[in-house]
Amino acid sequence: MPVSETVTSQSAIMSAYGRFPITIVKGKGAYVWDEQGKKYLDFTSGIAVCALGHVPDAVENALKEQLGTLWHCSNLFHIAPQEQLAKELTAKAGLDQAFFCNSGAEANEGAIKLARLYAHLVLKKEHGHIVTFDHSFHGRTLATLTATAQEKLQKGFGPLVSGFKYLPYNSSEALDAIAADDGCMAVMLEMVQGEGGVLPADPEWIKQLNQLCKDKGILIIIDEVQTGIGRTGSLFAFQQYAIDPDIVTCAKALGSGIPIGAFMAKKQVAKVFTPGTHGSTFGGNPFATTAGLATLNAFDKQNVIEQCKKNAAYFMEKLQALKATYPAQILEVRGKGLLIGVETAVPAIQLVNQLREDHQVLILTAGEKVLRILPPLVTNEKEIDIFIDALEQVLKNQ
Ligand SMILES: *Cc1c(COP(=O)(O)O)cnc(C)c1O
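Since this is a predicted model, take the numbers as computed values, not measurements. (Residues numbered from 1 in each chain as written. Predicted model: local features only at pLDDT ≥ 70, side-chain atom pairs only at ≥ 80, totals over all residues. Heavy atoms only, no water.)

S.K.: Help me understand the sheet that holds strand S1 (residues 24-28), please; the structure alone is not making it clear to me.
M.R.: With respect to topology, four strands assemble into an open sheet ordered S1-S2-S3-S15, the strand pairing being mixed. Every interior strand has two partners, whereas the edge strands, S1 and strand S15 (361-362), have only one. With four bridges connecting them, S1 and strand S2 (residues 31-34) associate as antiparallel partners. Bridge pairing links Gly27 to Val32 in S2. Helix-sheet contacts for helix H14 (residues 381-396) involve S2, strand S3 (39-42) and S15, and the interaxial angle to S3 is about 100 degrees. (Pairing = 2+ DSSP bridges. Helix = DSSP H or I, 4+ residues; strand = E, 2+ residues; numbered from the N terminus. Contact = heavy atoms within 4.5 Å. Axes fitted to C-alpha atoms, helices over the stretch in contact; angles between N-to-C directions.)

The structure is reproduced here in structure tokens:
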């Protein structure tokens, strides 16, 4: 953007985001409303955050109660909802202990620190490195940006953090490189690369990667910031693969929109954190962990995972039918659960804009030619039909 344009911008907010030209003021379920009262079907879910839809009753009620009780007290005291959330989340993930923070990047940053400290104290790999994969996305802090193997996002922010190596995702080349690499302390990966284009991991590759890491004593860190908390049809996406992670991170959907992140680990890894090794002022505070607990409880009570699987099967069937009718416009439909990518012949942003302007339907892109569709997990066939009809109208007019 030319400098003059930035300078004349009317907003007091830095221009770090390209924003759609609407101001959202209200949300309920799968819908949001703008300032003029115009209603939109929101299949972005605040980028995979509002899994239960906007302002879900169960979480709203729990937060209202917490608002009148305690907002914050710091991690120098015991926090009951934090204890309870850690217990439930680790039990569901098959891990032992959790650390709470405020975002996905912070969860991954913490996971990187935990892996490094474990390598230092236990593996004695002082100058080892962490392997991440091309097209990954792990966050915007310096370490997580370095872990993010996308040059276009890193450009201009050097010097980056040392101790990372990149390999191609889903490739035997990566397995060979790790097998030959004695400095690798950990691998870090997404089970479906979300920002990178909605690319699911190949189950056979994951199985081999897992075996290789176990044989070589390499830690496995899974970034479930986008895939986690039900998005792919299981609470965590790794649970659908033959992989046994040492550290798992999550954030986006955990608090239904209240900022919270977490990383969890096996006991033998987690135990390298002792008082003073890591910290966060707000991390896991009473308000945020109440939101997390209410979210998990709503998942159980409302069978949200089952709803997600049912909606995903219906959605995929409809999208495949659309692809069969419009093979020149839709090149591929892929994803896992309700993390859906549609590869298009025309620029994805063009379709996204037409859906919003002409049909009041909101979705995202993941790269130039991929539509990223992230409905609330509790959507239904009626809402999916509204979306499919709108997409068909837009495709017809290309
Ligand atoms: C969104 C995302 C992050 C970063 O989360 P923030 O809360 O924006 O810091 C990290 N990893 C993945 C896979 C993500 O989708």
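S.K.: Before we go on, may I ask you to explain the UniProt feature "binding site: N(2)-acetyl-L-ornithine" (unreviewed entry) in the chain in this structure?
M.R.: The UniProt record annotates "binding site: N(2)-acetyl-L-ornithine" (unreviewed entry) at Arg140 and Ser280. Within the annotated group just given, the residues that line the second largest pocket are Ser280. Relative to the elements of secondary structure, Arg140 occurs in the loop between strand S5 (129-133) and helix H6 (142-147). If sequence neighbours within four positions are ignored, Arg140 has contacts with Ala105, Leu145 and Leu153. When you line up the elements, Ser280 lands in the loop between helix H10 (267-270) and helix H11 (286-301). In this structure Ser280 comes out as buried when scored by relative accessible area, which is 15%. Beyond its immediate stretch of four places on either side in the chain, Ser280 contacts Asn75, Phe99, Phe100, Cys101, Asn102 and Glu106. (UniProt positions renumbered as here; feature names shortened; annotations may be inferred. 1 Å grid on protein atoms, 1.4 Å probe; cavity = no way out; pocket = protein on both sides within 12 Å on 5 of 7 lines; lining within 4 Å. Buried < 20%, exposed > 50% of the residue type's maximum accessible area, 1.4 Å probe, protein only.)

S.K.: Would you mind showing me how to read the packing of aromatic side chains here?
M.R.: Centre-to-centre distance and the angle between the planes together describe a pair of aromatic rings. One pass over the full model with this rule turns up ten aromatic pairs. For the pair Phe43 and Phe387, a centre-to-centre distance of 5.6 Å together with 35 degrees between the ring planes defines the contact as tilted. Placement of Phe43 in the loop between S3 and helix H2 (45-48) and of Phe387 in helix H14 is noted, with a sequence separation of 344 residues between them. Its relative accessible area of 0% is what places Phe387 among the buried residues. Judged by centre distance (6.1 Å) and plane angle (85 degrees), the rings of Phe263 and Phe273 are edge-to-face. Remark: Phe273 occurs in the loop between H10 and H11 and Phe263 occurs in strand S12 (residues 261-265); sequence separation between them is ten residues. A network of ring pairs unites the aromatic residues Phe43, Phe315 and Phe387 as a single cluster. Positioned over the ring face of Trp33 is Lys26, at 4.5 Å from the centre of the ring. (Phe/Tyr/Trp six-rings, centres within 6.5 Å; stacked < 30°, edge-to-face > 60°. Lys NZ or Arg CZ within 6 Å of the ring centre and 35° of its normal.)

S.K.: Whenever I open this one, the site of the ligand confuses me. Can you help?
M.R.: Around the ligand sit Ser103, Gly104, Ala105, Asn108, Phe137, His138, Gly139, Glu190, Asp223, Val225, Gln226 and Lys252, and those are all the residues in its vicinity. Between the ligand and the protein, one listed contact pairs a nitrogen atom with a backbone N or O atom of Phe137 at 3.2 Å. A distance of 2.8 Å is found between an oxygen atom of the ligand and a side-chain nitrogen or oxygen belonging to Gln226. In the complex, the protein chains occlude 81% of the 380 Å² of accessible area that the ligand would expose alone. Looking at which element gives the most residues to the shell around the ligand, the answer is helix H5 (residues 104-123), with three residues. Its residues assigned to classes, the shell around the ligand comprises three nonpolar, six polar and three charged. (Near = heavy atom within 4 Å. Polar contact = N/O pair within 3.5 Å; in protein donor to acceptor, adjacent residues only side chain to side chain. Areas by Shrake-Rupley, 256 points an atom, 1.4 Å probe, with all protein chains shown as cover. Nonpolar A, V, L, I, M, F, W, Y, C, P; charged D, E, K, R; others polar.)

S.K.: Explain the UniProt feature "modified residue: N6-(pyridoxal phosphate)lysine" (unreviewed entry) in the chain here, please?
M.R.: Using the residue numbers shown here, the UniProt feature "modified residue: N6-(pyridoxal phosphate)lysine" (unreviewed entry) corresponds to Lys252. Relative to the elements of secondary structure, Lys252 occurs in the loop between strand S11 (247-250) and S12. Leave out the neighbours within four places in its chain, and Lys252 touches Ile47, Ala48, Val49, Glu195, Val225 and Gln226.

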